[in-house]
Amino acid sequence: MSFLSRLFGRTTPAPSAPPSRDVEALTLPLALPAVHAVHCHERTPSQLGGSPIATPDLAWPSRDGRPLAFLATIDLTQLQRTHAIEWLPPSGALLFFYDVAEQPWGFDPQDRDGWRVVYVEQPQGRAEMPFPSTLDLANQLPRQFLAFQTIRSYPSFGRDAISALHFTDDESGQYEALTLRPFGDRPRHQLTGYPTPIQGDEMETESQLASNGIHLGDADAYKNPRVQALDAGASEWRLLFQIDSDEAADVMWGDVGTIYFWVRESDARARHFERSWLILQCH
């Protein structure tokens, strides 16, 4: 305190915090379009649960002799009417299967048979497939029809573009609210765009490494000499479908978690959806 301040009993006011920036305007150039899949009462060609519509020659995917649970049908014509995703086929459907009993995390290359994404074209003769007789009743999920809404998806705090903005605590709170606002209080089922991660936002890299034989559960995984050569390929992976825990659909991934299906863009264009990778994250 200066002599004059002591003499007149005044103190120098503390410098005020800088005003918060316009977080939405600042991050809008970073946003990517995405599609929110929401429950609806009308019958639609897309659904969570139920049983798949396919041709009779489709073999129900299994793991170690156990049929996988059927998670969802995404009708691509319905999807493309909502938002054109140029690396996906314009028609047909994607069927998603998963080992709901074991719930593999996708960190082990041996997890590969714990899920399956099947592309079905639109030939004549498609019909609802009956559940396999050996599929546990607990893995026969109730049908929830889906409608699609276009939303903006934003990078998470773990991405370099957001870290470089050096948000204040107040700005961080605003940004978190901005990223979650499109979903409201509904499950965060999403196609394409940025994921909404729970644990970390390195899933493109994790998909690239695990799908190429590197076990990510090993503490020394990133010391593997193959990692550097493989890392560049992480940029090829795209979020295909993010399926949230959903009480209405009777699915819970770990501790209120989310599963994320990823696919290389080149594989999607070539319709090799069987090469998709899955990552599970939970609280």
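In this text the structure is predicted, and so the values were computed from the model without any measurement.

Reading the values: the criteria
- Residues numbered from 1 in each chain as written.
- Predicted model: local features only at pLDDT ≥ 70, side-chain atom pairs only at ≥ 80, totals over all residues.
- Heavy atoms only, no water.
- Helix = DSSP H or I, 4+ residues; strand = E, 2+ residues; numbered from the N terminus.
- Contact = heavy atoms within 4.5 Å.
- Areas by Shrake-Rupley, 256 points an atom, 1.4 Å probe, with all protein chains shown as cover.
- Lys, Arg positive; Asp, Glu negative; His and termini not counted.
- Charge placed at Lys NZ, Arg CZ, Asp CG, Glu CD.
- Salt bridge = Lys/Arg side-chain N within 4 Å of Asp/Glu carboxyl O.
- Buried < 20%, exposed > 50% of the residue type's maximum accessible area, 1.4 Å probe, protein only.
- Pairing = 2+ DSSP bridges.
- Phe/Tyr/Trp six-rings, centres within 6.5 Å; stacked < 30°, edge-to-face > 60°.
- Core = buried A, V, L, I, M, F, W, Y, C linked by side-chain atoms within 4.5 Å.

**Some points on the overall build of the protein**
Then, in step 1: What the protein contains, in helices and strands, is 8 helices and 14 strands.
Then, in step 2: The principal-axis extent of the C-alpha atoms belonging to the protein is close to 95 × 50 × 35 Å.
Then, in step 3: Long-range pairs, those at least 24 residues apart, make up 74% of the contacts in the protein with a sequence separation of at least 6.
Then, in step 4: Summing over all exposed atoms, the protein offers an accessible surface of approximately 14,500 Å²; the carbon and sulfur share of this is 52%.
Then, in step 5: Separation of charge centres in the protein, based on 23 positive and 37 negative side chains, amounts to 5 Å.

**Considering the pattern of salt bridges**
Then, in step 1: The final tally for this structure, using the stated rule, is 16 salt bridges.
Then, in step 2: For Arg143, the salt bridge identified is with Glu128, shortest N-O distance 3.1 Å. Of this pair, Arg143 sits in the loop between strand S9 (127–128) and strand S10 (144–153) while Glu128 sits in strand S9; the two residues are 15 residues apart in sequence, bridging distant segments of the chain.
Then, in step 3: Judged by relative accessible area, which is 47%, Glu128 ranks as partly exposed.
Then, in step 4: Between Arg275 and Asp267 there is a salt bridge; the shortest N-O distance is 3.0 Å.
Then, in step 5: Its relative accessible area of 6% is what places Asp267 among the buried residues.
Then, in step 6: Salt bridges sharing partners connect three or more residues here, namely Arg63, Arg66, Asp99, Asp111 and Asp113.

**Observations regarding the pairing of strand S1 (residues 32–39)**
Then, in step 1: Where S1 meets S10, 8 bridges bridge the pair, whose relative direction is antiparallel. Among the inter-strand pairings, Val38 is bridged to a residue of S10, identified as Ala147.
Then, in step 2: One ladder, built from 2 bridges, connects S1 with strand S11 (residues 190–191); its direction is antiparallel. Looking at S11, one finds that His36 is bridged to Gln190.

**Brief notes about the side chain of His83**
Then, in step 1: Here His83 is to be found in the loop between helix H3 (76–82) and strand S7 (93–98).
Then, in step 2: Setting aside its immediate chain neighbours within four residues, His83 contacts Pro33, Val35, Thr150 and Thr192.

**Things to note about the packing of aromatic side chains**
Then, in step 1: Under the counting rule described, the total for this entry stands at 12 aromatic pairs.
Then, in step 2: Arranged with centres 5.4 Å apart and planes meeting at 75°, the rings of Tyr98 and Trp253 form a pair that is edge-to-face. In this pair, Tyr98 sits in strand S7 while Trp253 sits in the loop between strand S12 (237–244) and strand S13 (258–264), placing the two residues 155 residues apart along the sequence. Here the two residues Tyr98 and Trp253 agree in accessibility, since each one is buried.
Then, in step 3: The interplanar angle of 35° and the centroid separation of 6.3 Å between the aromatic rings of Trp105 and Phe107 together place this pair among those described as tilted.
Then, in step 4: Residue Trp105 is classed as partly exposed on the basis of its relative accessible area, which comes to 33%.

**Digging into the nonpolar core**
Then, in step 1: By size, the foremost hydrophobic cluster in this structure holds 51 residues, and its most contacted members are Leu71, Phe96, Leu240 and Phe261.
Then, in step 2: Ignoring anything within four residues of it in the chain, the contact list for Phe261 reads Leu71, Phe96, Phe97, Trp115, Val117, Arg238, Leu239, Leu240, Phe241, Ile243, Trp277 and Leu278.
Then, in step 3: Grouped together as the second largest cluster of nonpolar side chains are 11 residues, Trp60, Leu68, Phe97 and Leu135 included.

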